[in-house]
Structures are given as C-alpha cells and as structure tokens.
There are 4 protein chains.
Amino acid sequence: MHSLSGSHYIDRLTRNLARLIRVNRVVLSARTRHQAVEIVETPEFGRMLFIDNRVQLSEADEYIYHEMLVHPAMLSHPEPRSVLIIGGGDGGALREVVKHGTVRRVVLVELDGEVIEICRKHLGSVSAGAFDDPRVEVVVGDGREYVASSPEKFDVIILDLVDPYGQASRLYTYEFYLECKRLLGGGGVIVTHAQSPYLLGRYFASIFRTMASAFRYARAYGSWIPSFGLYWMFVVASDAVDPAEVDEEEVERRFRERGLSTRHYWPKMHRAMFTLPKDVYEALQRSDVEISTDENPVSVDI
Amino acid sequence: MHSLSGSHYIDRLTRNLARLIRVNRVVLSARTRHQAVEIVETPEFGRMLFIDNRVQLSEADEYIYHEMLVHPAMLSHPEPRSVLIIGGGDGGALREVVKHGTVRRVVLVELDGEVIEICRKHLGSVSAGAFDDPRVEVVVGDGREYVASSPEKFDVIILDLVDPYGQASRLYTYEFYLECKRLLGGGGVIVTHAQSPYLLGRYFASIFRTMASAFRYARAYGSWIPSFGLYWMFVVASDAVDPAEVDEEEVERRFRERGLSTRHYWPKMHRAMFTLPKDVYEALQRSDVEISTDENPVSVDI
Amino acid sequence: MHSLSGSHYIDRLTRNLARLIRVNRVVLSARTRHQAVEIVETPEFGRMLFIDNRVQLSEADEYIYHEMLVHPAMLSHPEPRSVLIIGGGDGGALREVVKHGTVRRVVLVELDGEVIEICRKHLGSVSAGAFDDPRVEVVVGDGREYVASSPEKFDVIILDLVDPYGQASRLYTYEFYLECKRLLGGGGVIVTHAQSPYLLGRYFASIFRTMASAFRYARAYGSWIPSFGLYWMFVVASDAVDPAEVDEEEVERRFRERGLSTRHYWPKMHRAMFTLPKDVYEALQRSDVEISTDENPVSVDI
Amino acid sequence: MHSLSGSHYIDRLTRNLARLIRVNRVVLSARTRHQAVEIVETPEFGRMLFIDNRVQLSEADEYIYHEMLVHPAMLSHPEPRSVLIIGGGDGGALREVVKHGTVRRVVLVELDGEVIEICRKHLGSVSAGAFDDPRVEVVVGDGREYVASSPEKFDVIILDLVDPYGQASRLYTYEFYLECKRLLGGGGVIVTHAQSPYLLGRYFASIFRTMASAFRYARAYGSWIPSFGLYWMFVVASDAVDPAEVDEEEVERRFRERGLSTRHYWPKMHRAMFTLPKDVYEALQRSDVEISTDENPVSVDI
C-alpha cells in the first residue's frame, strides 16, 4: 500500500525531527524494572528493538552496528584473549566477539537481565546462540560498579550502552574511562559507540574528546545504519596502539587467522574508515567541546 | 508517557487531515478475499477495527454507533418482528436488534464471512453472543443481490455498510433504496449511517437526499463518535411513518415494553436529536446535492 | 495531492491521540509575553489560530463555536444591556455579542494584548470590525483581577478562555464563579466553553459541576467543531433563569427583535440542544466528579 | 519545545518510512510548469527545498552534497576547462565548479527556469552569486536534448538531476550516458548522484552498473547528508582516468593550485572514500542488478 496509513512507530531523532516507521506487529511492549522495552515488526527493517523509545537495533542492519562496534577494536589488539562487554544485552556484540578464535573469556555485564531474556526469546538471531558459548559469563548488574570493583584485567572492553541519558550518563564520563583503563592494564583497547555527527554532533564530539582525554590514542569512525536514521559514530581508544595505524596486511592476517567472517566490515576499509570528512574532523577539535565528567556528565536531551 | 513516540495508527480522515492514534498492540493484520482487515489495541479506544485503513469501530464507543444506528429506526416501527441487516459483520447492530422483544427473525447479510469470524474471535464483546441467538440467520453474500432476489419482507432494514467506495457504492444508490423499499412492503423503516457533516458533508447530503428521493419521510440525526474523529450522521426513512414525529411517550412506552437497556441513546433524546443546526439543515436543501444512482454512484474519495 | 506528504500541523488532542493537519502556509509564529501564538493556513479549515500548541479557532468553523458560546446565554436573558467577555481576544465572541440590539456596553478583558493585535491583523474576519464598535471597551489585563475589583454589574458574562492549564485554571474555579456571580447581581447569565465529553470528559464534568455548585441553574450543551477534532461543550448558568426552559417562541421573538442573523445556532435548536445523550448526562452526575477550587484547580494535562 | 506539536513537513523516504521535520515557516509553495516546488524553513536544517515532495537540499548541509558531487570529478581531471551541468537549478553545483581556477566555461542546462529564479530569490546562499559569473551560460531546456545536439565538447559533465522518476528517468539510462560520452570526447569525467544504499539500494546499484557499462572506469562513494535522512551515493566515471587511483599528492596539488576552499570534502579523503563496506560493494556486483535503458528505464517508486 502506497498511502501513509496504518500502524507506524514514531521515532524521535531530535527535538525537531522524527521518523514514521511502518509497523506490522507489536511483538512486545513491556516495562522492565529499569526501562520501557518494545519490539515491533516492520516491513522496512524486520524486528526493531526500542528502549525508552530509542531504537537499539533492527534485524535488517544490526550486523552493521555490531561488526563496526566489535571488529576494529578486536583487530587492533594483537591477541585479544579476554573481553569485557558492558551493556549489549541483545547479544549482538557478544556474537561478534566470540567469532575471534583468540578469545578465551568474555564477561558481559548488563544492567537489565530482562532485556537479555526478551532478546533471546524475540530476537534470537541477534545473539545466535552466543550466550550458550562456554567462554561467556553473564553478570546482571551495574557496569560502572563492576568496572570499579573487578580485580580481573581485560584485553578489550566494549561499551555497548544505551545513549547517555539518566543513569547511563555515568558510563560515558572521564572518570569511568579511567576506571576502564585500570582494567586494561596499560595494553588493551576500548571502544564505544558515539552518537551521530551534525544532528547529535555535540554528543559525538564530547564522547570523542572525553575518550581522547583518558587514552593516548583515540580514533573515530562511523557507518550509515539505516534503521537508526542516522550515520552512527564509534570511538576506539588505547594507550598501547593507534587503531588507525595498524598495517592493512596485519589486519588482513589477524582477520584470517582468527577465522572471522563478516558482512559489512572488512579489513580493506580498516584504515580508510578513520579518514573523516573535514567538517567532522574539525568539529572534534573545537575548543568548546565539553568533556563529560562525573560532576558534569553530558546527557542527550531531545 | 507524554511524548509523541512509539507505535501509532495513521488514520486518514480527509485528503488534508489525519490522526495519529497510539497503539499498544497490533492484534491482527490480514487480507481477506475482499479487503484488508486490521485490529489494533489502543490506550484511548481499546481495540479498534479498520477495514481498508478506515476505522469501523472501537470497543470504547461502538455502543454509541450501534445504538444510534439501530434504536431510532426500531422504535419508529410499532412492532418490528423481522429485521434485515446488510453488512454489520462485527455483530454490534445485531446485538442491539435482538434486544427488542418484538423481534422474531433477523437476517444478517455480510459479504465478507471472514470479518464475522475475526470479530467473533478478537472483538467478542461487540456481538456479545448475538450470533448464537436462534432468531438470527447469517447469510454470507452480496447485500445488493440478496435484496434484489429476496422473496421475504422485513419490518426494518439496517444498512451497516463500509463507506461508499468501490463495490460498496452500489449499496448507497437510489435504485438500491427502491429495491429495499420493495422488501419493506409499504410499511417498514430503513436506516443507514451517513458520513459526517462539514468535512464529508457532500457525502452526507448525497446519502440523505438519495434516501429522501426514495422514501416519503427521511430524517437525519447524528452523534459524536470519538474513535471516528468525526461527528457521524444517520438517515432513517420510511413510507409509513415520520420517525421524528413519533410521540415521545410512545417511544418511551415501546422502549420499556421491549425490555430495552441502553447506554447512549434514550427516548428523551429521540425527538431532540432530529433538530439539526441551521447550517447542517441548509446543506441538505442545496440544489447542487447529487443523488447517487447506479449510473453515477457517489463515492468517497480521500 | 493524495499522499500524506508535505507540511502538516501536529495537533495533540490527548496523550494518546493527535492530528496531522495539512498546512499551506505558516502565517505567523510568535511568542508574546504570555504565550506561543501561531497562525497557519490550511486547505481544510482556512487559517487556524493555535495558542501554546492548542487550537483556538479556524476561519472555517469559528462561527459555530462563537454562535454557540454567545447566543444561548444572550437569548436566555430577557434584555442583556451590558456584557462582560473574559478572554476572547480574537474578537469572535464580541462580534456575536454586538449583534444583539439590546446591548449598550461590552467590556472585553484579555490578558494578552498582542493576541488582539495579531488577530485583527491576520484573522480580521473573526472580529469583523467589532473592536471598532463604540459600545465596546477593551481592557488588557487579568480577568480574575478585573472581576474581583470591578464595581460594575453585567447582565451576561462570557468566559472565552484558553483551556484550564497554568494560570488560566484560576478562571475555572468555584471561587471565581462566585466572584462572577457578584457581578451578575442576582440576575444575569454566565457561560463558558467546557471541553469535550468522553476523551476530555473529566474536565467537562468538572467544569459543569463547578458551575452547577455556584449557580442555581446550570445547563450543558455542545456542538461538533470540525477544526477542534472534538465535540465541544458549553455550560450556561444563572441564578435567575433556567436557560433550557425558556419558551421556544420567546427565544424566536428575542432572536427576531434583536435583529440577529446566524449560520449555525438557531432558535429551533435552543431547547433540543440541552437534551444530552444518556451517557453524557450520567457522567455529569457521578459522585467522583471533582469541583475545581482555588486550592485544587482542575487542570488539563495532555 | 520538546513535544511533537506544531508544523512539520512529512517527507516520505520509502513506502514504509517517512520523516516529520519541524517547520517554522512555509516560504514558498508553488507549482511551476514542470513540478511542485516548496521551500520551508526548519529549525533543524534551515531552509529546505522540496520538488514534487522530495527533498533537494537544505541550507544546513547542501555544501556536503555539492562538494561531494563536484570536487571528486573535477579533481580527477588534470585540467578541467569546460564543464556541463545538467540540472542543478539551485546553483550549488555551479558555485563549487567555478571555484576551480582552471575553468573557462560552464554551461548549466536546467529544464525548469522557474526553479532557478525561485532559488536565486529564496535560497541565495546556495548559488552565492555564481549565476553572475561571466564564464557561466544558463540554458533553460531539456538536458537530454541538449546533450544529443550539442556540438561542443566538455571536460567534466555533472548530472545534478531530480531522482529518476517520470521524465527524469531518461537522464539515467545507458543510452544517455553514451550520448554524454560523445561530449567528453574520449577524455573527460562524468559524475551523478546515485540514491542510497540499502533502502534505495536497488536504484543505487542500477545507476552504478549503468554507468559502469558505459564507461571504462566507474567508482562509487558516498556521504551522510543529514537533511536527506539517508546516506547518499555518487558515481564518478571516465574512459580516461580511474578517479580512485589518482595519487593523493596529485589531488592535494590540484586542490591547492586551483585555489579551492571546502568544508566537507578534502583531498585527505579522496582515496579513502572509494573504499566501500563489504555489503555495499557486493550489492553492486550482483548478477540481478538492472541496467537502465531507454526501453526499460529504472524509476524510483515509493
């Protein structure tokens, strides 16, 4: 049907911009202890997961998001054996992490245990069995507290969090990144998704600069994720390695030796993707970018 | 939640006007042999039934529509024993008809048998068991053909059809009303719902004038039906009785003797409701109102 | 164009219901000292006035609202000579009031002087020159304060206010109605618009019952106002006369002698319009209806 | 204001996806001889131009579109002296072209002369005076006919057309590209914008493959254009040069020597931008991609 009639999801992107996404079915609409969780089935993007009215993923393109979140960080590390995922209750990041043959242990710390159950039930293709991998430990609890108190070290930390608002803002601050740094123990690589340039550019710049303040190397890259309605950025950082300077052949070799198979990310684009357009690059250098701190956490407000 | 986010049904009222109705759940979205049928659950109106993207009823206020459709016609007749309903597959009109203690036989002719099944299953409170009443016969078939070929006479005919578009337009024409008249046999009362004044006033006037051309008495009345987003009109007609002139005490007496119980319509408003505002009244008298005929059927076009 | 594309006004009716109204032109979008004022030109309703995102009137059907607000009250009074309008900065109520040949003086008290200027400039057909009538005095100021301090008495008071939210809630309370009563001096008639049944039924019932608590007679009636997207109610009250019991011939006589000419309201419907449907009537009698008081003012919240 | 109220433009992206863009003002809504033209002012993107309900550009980010359309092609040519622009009535591509110091002559062929006038008047910053450049000749007429009959040769051809639907589809076919090739005379570079991957991926692949069939080298690249709501692709092609293989230092040198100044495109990204993600790359290789021909032109249909 061509006409704009029937059920649609209204997805607010900014105060002045929203999307109408046609919906075939509301699979689930629930309130967990922590948040509002909805899964709707759409002709455009398959099933979509919304938390607190914000899109988290869609079946159609979650591979873009999860591959872009996980592999650049994992491949920047010469041999990632232990990985910490904060958030990521849908299991998509986990699915990509366990593909790396080097990995011996993954801890996934998710605040909302109900989200894990909901996604395993209604979005099973996202985790694709990864929660059953014997290398995986799931901790239901607060990521910030876990990081603060963990005696364990990790090679890679993946921050797959809801957007920085409310309590989640505490997992985007300078102090939190320093706590993560302690767990990386001098080596190690950390990555977070980082909002969108232009429309949400203030938040992207803030996350980048906060990461860049906490780590020796910080690099931004992004990809178009159709179901988000926005180009979406990531920031990968490390004290030990500059992810943008890993030799292309080395990335190819690691990719091959770890037995990876992907759909969107591939080693060919590893270095190219760090080359930002001029305006996006310059927006990161501006002197008025706010560093997010525990005292003044940057919080998206739409 | 205050913000306009999440799932909504987009309901087109006119070319230049639509509604966004929040949806909690899409109960059903199917295509029958005849039409697209959707049932959605809404916080504002409970479950709503849409056919071809047009609202047919909601749990919250279908009693208004069905009481207003059925009782003025039934109470205008001194003793309705046999009733013919064309359309009305949801069973709501049927439910109101069988309340009248005088009724011995009801024939309901619905084109789309699947609609009856869907409504019995997902909107059970609408028919409320009326389909199981032994006085009721259901015919799945074309209403126009049924009327043309029926040897049986009826005291009251209730036209509870989808809006006049496509094939349904054939059940709003002068010729069709004449065929109905044959079944009423000189006495009898007929009623149809009749679109909305102002925004759809052209269609309302046309239905009224077409009815008024076919019958000696034709009277318009209406009610606000929140889930329609529009004030909705009805036209009741007869060769034997002027429905607006039935004595209030007589209406009261019939209402009581037939054991009726209602929520919206009551005998107190029977005569008052026929008093139209000046502009609505005058719109019906205009010389340019089109009579709907088989050759030139009036058809809503939004 | 049939498709739902292009500029539209999103008009929230309730938390779970909104409208999309096609817009040809944004005539004005301003913030006065008191409120946000917008005028848009629409193909469906002509120019529409929104205050704080709530529709106030449209060129297409403001005559319905203003005639229904003004004439039932004015015609219930045997000889209204002085009239007080609180609000009504668009001048539409004023236009209807000055039609009554008996009127010698009208005071219009509007909080927002800019609204008067904006409407005279961009919605000139609404006041239609009434502000230039020598019988009219305009006071820019707070209606509640005016009523509290006025030494003058009035035959009719017309409350043409924005909806009860924020400061305007103070002009819908029991105490305010008592202050108005003082100005009516034992005789006199007062009228207010009163929200919508069903969807906003809680507010309608509250306004009715608050008026009914303050005055000996209070009567509700309503009309479908297409540009509001809602059936809209009014409450007319008096200590001296029951507006629903004025003889129809007397209404006719007053209408004629005062030289009135109208488009929607006419004396024929004067008594009929007070006959409410059963559910609407009963909703006004419920024991849980809240009386709006200065201490606990009822306030719409969508 | 946080709430989704007030004027919005409904922008259809696909059959199942639309955007609501807040509008402050409708600057212009006109029908030229050829198409419907609207300019609206938005808080998110400044003024936006829509043709036949499709977004053409916004003040906020047209520099992204125009720089990405023009400079990769222009810089792939060692010394572009004559340039042909088909479409581009807004003047944005022209503005970028005349920045190149090598340029001696630009012909802009726009079907709709009224669009040029409208944009010069209401979107003056887009052309920024370029129409007054003495090197520029404007031809109001059909681009296809101009190309077919022009005796003149050009170094660069820039196709800045409306999307491929209706008559415009004729300017996206294999035959048209061959006609352009004749004007490029063996050397020369041609570029077109090319829809979006994923959601409109079928059209993007078709344009790419059609260009690749007509020219020896064809390269795709893209950028996120926020006001389009989509990542947007371009295809640059040539028989003489592979745009993706121009040496980065050479691009830098040409950029500098021609006196260019840009905001989004810069030589640093020239080669990187041709590296597509794996899925986007593979979608271009699929055997079922349709070549657009005069007989079977590919046409977007939403």
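Residues numbered from 1 in each chain as written. Chains lettered and ligands numbered in written order. Predicted model: local features only at pLDDT ≥ 70, side-chain atom pairs only at ≥ 80, totals over all residues. Heavy atoms only, no water.

Re the overall build of chain A
Line of reasoning, step 1. If you tally the helices and strands in chain A, you get nine helices and 13 strands.
Line of reasoning, step 2. Oriented by its inertia axes, the alpha-carbon framework of chain A measures out at about 55 × 45 × 40 Å.
Line of reasoning, step 3. By the burial criterion, 66% of the 302 residues in chain A qualify as buried.
Line of reasoning, step 4. The long-range share in chain A, meaning contacts at least 24 apart out of those at least 6 apart in sequence, stands at 66%.
Line of reasoning, step 5. In the structure as shown, chain A presents an accessible area of about 10400 Å², 46% of it carried by carbon and sulfur atoms. (Helix = DSSP H or I, 4+ residues; strand = E, 2+ residues; numbered from the N terminus. Buried < 20%, exposed > 50% of the residue type's maximum accessible area, 1.4 Å probe, protein only. Contact = heavy atoms within 4.5 Å. Areas by Shrake-Rupley, 256 points an atom, 1.4 Å probe, with all protein chains shown as cover.)

Quick notes on the relation of the copies chain A and chain D
Line of reasoning, step 1. Superposing chain A onto chain D takes a rotation of 180° plus a shift of 0.0 Å along the axis, which leaves an RMSD of 0.0 Å. Seen this way, the second copy is the image of the first under a two-fold rotation axis.
Line of reasoning, step 2. The overlap is high: 100% of the interface residues of chain A also sit at the interface in chain D, so the same surface is used on both sides. (Least-squares fit on C-alpha atoms with pLDDT ≥ 70 in both.)

Considerations on the interface of chain A and chain D
Line of reasoning, step 1. Listed as interface residues are 43 residues of chain A and, on the opposing side, 43 residues of chain D.
Line of reasoning, step 2. Here chain A meets chain D over a buried area of about 4000 Å², counting both sides, of which 61% is carbon and sulfur.
Line of reasoning, step 3. Summed over the shared surface of chain A and chain D, the number is 22 residue pairs in polar contact (both at pLDDT 80 or more).
Line of reasoning, step 4. Put simply, the parts of the chain that give the side of chain A that touches chain D at least two residues each are strand E1 (6-14), strand E2 (17-22), helix H1 (62-76), strand E13 (230-238) and helix H9 (278-285) of chain A.
Line of reasoning, step 5. Here the element with the most residues in the side of chain A that touches chain D is E2 of chain A; it accounts for six residues.
Line of reasoning, step 6. Taken together, the residues of the side of chain A that touches chain D break down into 24 nonpolar, nine polar and 10 charged. (Buried area = accessible area lost by both parts, 1.4 Å probe. Polar contact = N/O pair within 3.5 Å; in protein donor to acceptor, adjacent residues only side chain to side chain. Nonpolar A, V, L, I, M, F, W, Y, C, P; charged D, E, K, R; others polar.)

Some words on the pattern of salt bridges
Line of reasoning, step 1. All told, the structure shown has 96 salt bridges over all chains when counted by the stated rule.
Line of reasoning, step 2. Notably, a salt bridge pairs Arg 253 of chain C with Glu 257 of chain C, separated by 2.7 Å at the nearest N-O pair. One end of the pair is Arg 253 of chain C and the other is Glu 257 of chain C, both in helix H8 (residues 248-257) and four residues apart, which spans about a single turn.
Line of reasoning, step 3. With a closest N to O distance of 2.7 Å, Arg 15 of chain D and Asp 301 of chain D form a salt bridge. A residue pair is termed long-range when its members are at least 10 positions apart, and Arg 15 of chain D in the loop between strand E1 (6-14) and strand E2 (17-22) and Asp 301 of chain D in the segment after helix H9 (278-285) qualify at 286 residues. (Salt bridge = Lys/Arg side-chain N within 4 Å of Asp/Glu carboxyl O.)

Concerning the sheet that holds strand E2 (residues 17-22) of chain C
Either a parallel or an antiparallel arrangement is found when strands of a sheet pair, and the pairing is made through backbone hydrogen bonds.
Line of reasoning, step 1. With antiparallel pairing, the eight strands of this closed barrel are ordered in space as E1(A)-E2(A)-E2(D)-E1(D)-E1(C)-E2(C)-E2(B)-E1(B). Going from strand to strand, the sheet's axes swing by 35° on average, the running direction of each strand aside.
Line of reasoning, step 2. Examined bridge by bridge, strand E2 (residues 17-22) of chain B and E2 of chain C share five bridges and lie antiparallel to one another. Along E2 of chain C, the bridge assignment pairs Leu 17 of chain B with Ile 21 of chain C. (Pairing = 2+ DSSP bridges. Axes fitted to C-alpha atoms, helices over the stretch in contact; angles between N-to-C directions.)

Notes on helix H7 (residues 201-214) of chain C
Residues and elements named next belong to chain C.
Line of reasoning, step 1. Taking 1.5 Å of rise per residue, 14 residues should cover 20 Å, and H7 covers 20 Å from first to last C-alpha, within 8% of that figure.
Line of reasoning, step 2. Buried residues dominate H7, accounting for 10 of its 14 residues.
Line of reasoning, step 3. For H7, the complete set of buried residues consists of Gly 201, Tyr 203, Phe 204, Ala 205, Ser 206, Ile 207, Phe 208, Thr 210, Met 211 and Ala 214.
Line of reasoning, step 4. Residues of H7 that are buried make contact with helix H6 (174-184), strand E11 (189-193), strand E12 (217-225), strand E13 (230-238) and helix H9 (278-285). (Expected span 1.5 Å × (residues − 1).)

Re the packing of aromatic side chains
Residue and element names in this part refer to chain A.
Line of reasoning, step 1. For the structure on display, the rule yields 36 aromatic pairs over all chains.
Line of reasoning, step 2. For the ring pair Tyr 9 and Phe 50, a centre distance of 3.7 Å and an interplane angle of 15° mean the geometry is stacked. Pair noted here: Tyr 9 is in strand E1 and Phe 50 is in strand E5 (residues 46-51), with a separation of 41 residues, a long-range link.
Line of reasoning, step 3. Taking the relative accessible area as the measure of exposure, Phe 50 reaches 0% and is therefore buried. (Phe/Tyr/Trp six-rings, centres within 6.5 Å; stacked < 30°, edge-to-face > 60°.)

Details of the sheet that holds strand E8 (residues 105-110) of chain B
Residues and elements named next belong to chain B.
Line of reasoning, step 1. The strand order E9-E8-E7-E10-E11-E13-E12 describes an open sheet built from seven strands, whose pairing is mixed. Across the chains shown, the open sheet's two edge strands, defined by having one partner strand only, are strand E9 (136-140) and strand E12 (217-225). In this sheet, neighbouring strand axes are inclined to one another by 15° on average, regardless of whether the strands run parallel or antiparallel.
Line of reasoning, step 2. Bridge count for E12 against strand E13 (residues 230-238) is nine bridges, and the pairing is antiparallel.

Quick word on the pairing of strand E6 (residues 54-58) of chain A
Residue and element names in this part refer to chain A.
Line of reasoning, step 1. Summarising burial for E6: five of the five residues are buried, a large majority.
Line of reasoning, step 2. Relative to E6, E5 runs antiparallel, the two sharing four bridges. If you follow Leu 49 over to E6, its bridge partner there is Leu 57.

Here's the deal with the packing of helix H7 (residues 201-214) of chain B against helix H9 (residues 278-285) of chain B
Residue and element names in this part refer to chain B.
Line of reasoning, step 1. At a closest axis distance of 9 Å, the pairing of H7 and H9 adopts a crossing angle of 60°. Accordingly, the angle class assigned to the pair H7 and H9 is oblique. The element H7 and its partner H9 pack so that their crossing is right-handed. From H7, Phe 204, Ala 205, Phe 208 and Arg 209 reach across to H9, where they touch Val 280, Ala 283, Leu 284 and Gln 285. (Parallel < 35°, antiparallel > 145°, perpendicular 65-115°, else oblique. Left-handed = near helix turned anticlockwise from the far one by under 90°.)

Here we look at the nonpolar core
Line of reasoning, step 1. If you look at the biggest cluster of nonpolar residues, it comprises 446 residues, and the most contacted ones within it are Leu 84 of chain A, Leu 84 of chain B, Leu 84 of chain C together with Leu 84 of chain D.
Line of reasoning, step 2. Ile 10 of chain A, Leu 4 of chain B, Ile 10 of chain C together with Ile 10 of chain D belong to the second largest nonpolar core, which has 16 residues in total. (Core = buried A, V, L, I, M, F, W, Y, C linked by side-chain atoms within 4.5 Å.)

Details of unusual backbone geometry
All names here are of chain C.
Line of reasoning, step 1. Phi angles above zero are rare outside glycine, and Asp 52 is one such case at about 50°.
Line of reasoning, step 2. Checked against the element boundaries, Asp 52 lands in the loop between strand E5 (46-51) and strand E6 (54-58).
Line of reasoning, step 3. Although it is not a glycine, Tyr 198 sits at a positive phi angle of roughly 65°.
Line of reasoning, step 4. Overall, Tyr 198 belongs to the partly exposed group, its relative accessible area being 28%.

Overview of the environment of Val 300 of chain B
Residues and elements named next belong to chain B.
Line of reasoning, step 1. Looking at the element boundaries, Val 300 is found in the segment after H9.
Line of reasoning, step 2. On the basis of relative accessibility, which here comes to 8%, the residue Val 300 falls in the buried class.
Line of reasoning, step 3. Along the chain, Val 300 and Asp 163 lie 137 residues apart, while their C-alpha atoms are 7.3 Å from each other.
Line of reasoning, step 4. For Val 300, the residues in contact, after removing those within four places along its chain, are Arg 54, Asp 163, Pro 164, Tyr 165, Gln 195 and Tyr 203.

As for helix H1 (residues 62-76) of chain C
Line of reasoning, step 1. With 15 residues, H1 of chain C should cover 21 Å at 1.5 Å per step; its first-to-last C-alpha distance of 22 Å lies within 8% of that length.
Line of reasoning, step 2. H1 of chain C sits mainly inside the fold: 15 of its 15 residues count as buried.

Things to note about the side chain of His 66 of chain B
Residue and element names in this part refer to chain B.
Line of reasoning, step 1. Following the sequence through the fold, His 66 ends up in helix H1 (residues 62-76).
Line of reasoning, step 2. A relative accessible area of 1% places His 66 in the buried class.
Line of reasoning, step 3. Side-chain polar atoms of His 66 contact the side chain of Asp 90, separated by 3.3 Å.
Line of reasoning, step 4. Those residues within four positions of His 66 in sequence are excluded, and the remaining contacts are Leu 57, Asp 90, Gly 92, Ala 93, Arg 95, Glu 96, Val 126 and Asp 160.

Observations concerning the packing of helix H6 (residues 174-184) of chain B against H7 of chain B
Residue and element names in this part refer to chain B.
Line of reasoning, step 1. It is at 9 Å that the axes of H6 and H7 come closest, and there the two elements cross at 45°. For the element pair H6 / H7, the angle class is oblique. H7 is crossed by H6, and the crossing has right-handed handedness. Contacts between H6 and H7 involve Tyr 174, Tyr 177, Leu 178 and Lys 181 from the former and Ile 207, Thr 210, Met 211, Ser 213 and Ala 214 from the latter.
Line of reasoning, step 2. A class-by-class count of the residues in the contact of H6 with H7 yields six nonpolar, two polar and one charged.

Some remarks on the environment of Phe 228 of chain D
All names here are of chain D.
Line of reasoning, step 1. As for its position among the elements, Phe 228 is in the loop between strand E12 (217-225) and strand E13 (230-238).
Line of reasoning, step 2. As for Phe 228 and Ala 36, which are separated by 192 residues in sequence, their C-alpha atoms are 18 Å apart.
Line of reasoning, step 3. Setting aside its immediate chain neighbours within four residues, Phe 228 contacts Leu 13, Arg 19, Val 55, Gln 56, Leu 57 and Tyr 65.

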